[in-house]
Amino acid sequence: MRERSDEDLMKAWADGSMEAFETLYSRYRAPLYRYLLRLAGNETGANDLYQGAWEKVIAARRKLPKGAPFRAWLFRIAHNHAMDRFRRQRPESDLETETLAASSPGPAEEVSTAEQRRSLVTAIQALPADQRDALLLKLDGGLDLDDIARVTGVGRETVKSRLRYAVSKLKKSLASDSTELSHEH
């Protein structure tokens, strides 16, 4: 049996199908939460943003623009919600290292990867906001260039440029961190 598209599920949900909502929610809860966790920098902030974003999605469920991809629409709502919240209150500056770990490493890996995770977290946090946002939408949201452009309200080429600069800065930052670490030992 063919899996239903997000857009078909969205239409069914708008028409009252809770099963369609549950399917959409289960598809997007993890990537949306990861995105908001990295933006917020802590679980408390991410949980608040996550709940607020889904509340806005539920309220707007009958307003998905015709032909718009659900994933981009969902992340745009979450992005706008987060940016509104950040404008009202300054986000915490310390991003917990756990937010970038896909799963907990074993004890043997913890020592070797803890410093790498801290370096990556620090490097991502040091990116300019527009580059960091584009990168997180790509990594956590799984959005393509066109969808990131829709979410952030800029052109596709601007998104490409932001991602290219972000990746370049991360590579330089992480390379200099590993060089410093090797000279310390």
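The sections below set out a description of the structure shown in this document. This is a predicted model, so every value here is computed, not measured.

Let's talk about the pattern of salt bridges
Next up, step 1: Across all of its chains, the model carries 9 salt bridges by this definition.
Next up, step 2: Asp140 serves as the salt-bridge partner of Arg34, at 3.9 Å between the closest nitrogen and oxygen. Note that Arg34 is positioned in helix α2 (residues 18–40) and Asp140 in the loop between α6 (129–139) and α7 (145–152), a separation of 106 residues in sequence.
Next up, step 3: According to the relative accessible area criterion, Arg34 is partly exposed, its value standing at 37%.
Next up, step 4: Ionic pairing is found between Asp146 and Arg156, a salt bridge with its closest N-O pair at 2.9 Å. Separated by 10 residues along the polypeptide, Asp146 in helix α7 and Arg156 in helix α8 (residues 156–184) bring together distant segments of the chain.
Next up, step 5: For Asp146, a relative accessible area of 35% corresponds to the partly exposed category.
Next up, step 6: Accessibility expressed as a relative area gives 38% for Arg156, which makes it partly exposed.
Next up, step 7: A single network of salt bridges, built from pairs that share partners, joins Glu3, Asp6 and Arg27.

So, the nonpolar core
It is characteristic of soluble globular proteins that their nonpolar side chains tend to be buried jointly.
Next up, step 1: Within the largest apolar cluster, 47 residues are counted, with the highest numbers of intra-cluster contacts made by Leu32, Leu36, Trp54, Trp73, Leu74 and Phe75.
Next up, step 2: Among the secondary structure elements, those contributing two or more residues to this core are α1 (6–14), α2, α3 (43–59), α4 (70–88), α5 (107–126), α6, α7 and α8.
Next up, step 3: With 10 residues, the top contributor of residues to this core is α2.
Next up, step 4: Every residue in contact with Leu74, bar those within four places of it in the chain, is listed here: Tyr28, Leu32, Trp54 and Val57.

Topic: α7
Next up, step 1: All buried positions along α7 are accounted for by Leu145, Asp147, Ile148, Ala149 and Val151.
Next up, step 2: The N-terminus of α7 is capped by Asp144, whose side-chain oxygen sits 3.2 Å from the backbone nitrogen of Asp146.
Next up, step 3: Looking at the residues trailing α7, positive phi occurs at Gly153, about 75°.

Some points on the packing of α4 against α7
Next up, step 1: Here α4 crosses α7 at 35°, and the two axes come no closer than 8 Å. Considering how the two elements wind past one another, α4 and α7 form a crossing that is right-handed. Here Ala72, Phe75, Arg76, His79 and Asn80 of α4 lie close against α7, whose contacting residues are Asp147, Arg150, Val151 and Thr152.
Next up, step 2: When the residues that make up the contact of α4 with α7 are grouped by side-chain class, the tally is 3 nonpolar, 3 polar and 3 charged.

Focus: the packing of aromatic side chains
Next up, step 1: In total, this model carries 10 aromatic pairs according to the counting rule given.
Next up, step 2: Taken together, a centroid distance of 5.9 Å and an interplanar angle of 45° make the contact between Phe70 and Trp73 tilted. Here the residue Phe70 and the residue Trp73 both occupy positions in helix α4, the gap between them amounting to 3 residues, near one helical turn. In this pair, the class of Phe70 matches that of Trp73, namely buried.
Next up, step 3: It is Arg164 that lies over the ring of Tyr165; its NZ or CZ is 5.9 Å from the centre.

Quick notes on the environment of Leu64
Next up, step 1: You can see Leu64 is positioned in the loop between α3 and α4.
Next up, step 2: Between the C-alpha atoms of Leu64 and Lys11, which are 53 residues apart in sequence, the distance is 8.6 Å.
Next up, step 3: Discounting residues that sit within four places of it in the chain, Leu64 has contacts with Met10, Pro69, Phe70 and Trp73.

Thresholds, definitions, all that
- Sequence order as written defines the numbering, with residues in each chain counted from 1.
- This being a predicted model, a pLDDT of at least 70 is required before a residue's local features are given, and a value of 80 or more before pairs of side-chain atoms are given or counted; all residues contribute to the totals for chains, interfaces and linings.
- Excluded from the side-chain calculations are hydrogens and water; all other atoms, namely the structure's heavy atoms, are used.
- The term salt bridge refers to a side-chain nitrogen of Lys or Arg lying within 4 Å of a carboxyl oxygen of Asp or Glu.
- For helices the rule is a DSSP run of H or I covering at least 4 residues; for strands it is a run of E covering at least 2, with both sets numbered from the N terminus onward.
- Here's how the labels work: a residue is buried when its accessible area is under 20% of the maximum for its type, exposed when over 50%, partly exposed in between, all with a 1.4 Å probe on protein chains only.
- Residues grouped as a nonpolar core are buried Ala, Val, Leu, Ile, Met, Phe, Trp, Tyr and Cys residues, joined through side-chain atoms within 4.5 Å.
- Contacts are assigned to residue pairs with any non-hydrogen atoms lying within 4.5 Å of each other.
- N or O atoms closer than or at 3.5 Å make up a polar contact, with two conditions inside protein: a donor-capable atom paired with an acceptor-capable one, and, for residues adjacent in sequence, both atoms drawn from side chains.
- Axis definition: a line fit to C-alpha positions, over the contact stretch in the case of helices; interaxial angles, taken between N-to-C directions, run 0 to 180 degrees.
- Crossing chirality is assigned from the near helix's rotation relative to the far helix, an anticlockwise turn below a right angle marking it left-handed and a clockwise turn marking it right-handed.
- Polar here means any residue other than Ala, Val, Leu, Ile, Met, Phe, Trp, Tyr, Cys and Pro, which are nonpolar, and Asp, Glu, Lys and Arg, which are charged; Gly is therefore polar.
- Aromatic contacts are taken between Phe, Tyr and Trp rings whose centres are within 6.5 Å, Trp giving its six-membered ring; a plane angle under 30 degrees counts as stacked, one over 60 as edge-to-face, and the others as tilted.
- In this analysis the charged atom, NZ for Lys or CZ for Arg, is taken to sit over a ring once it is within 6 Å of the ring centre and within 35 degrees of the ring normal.

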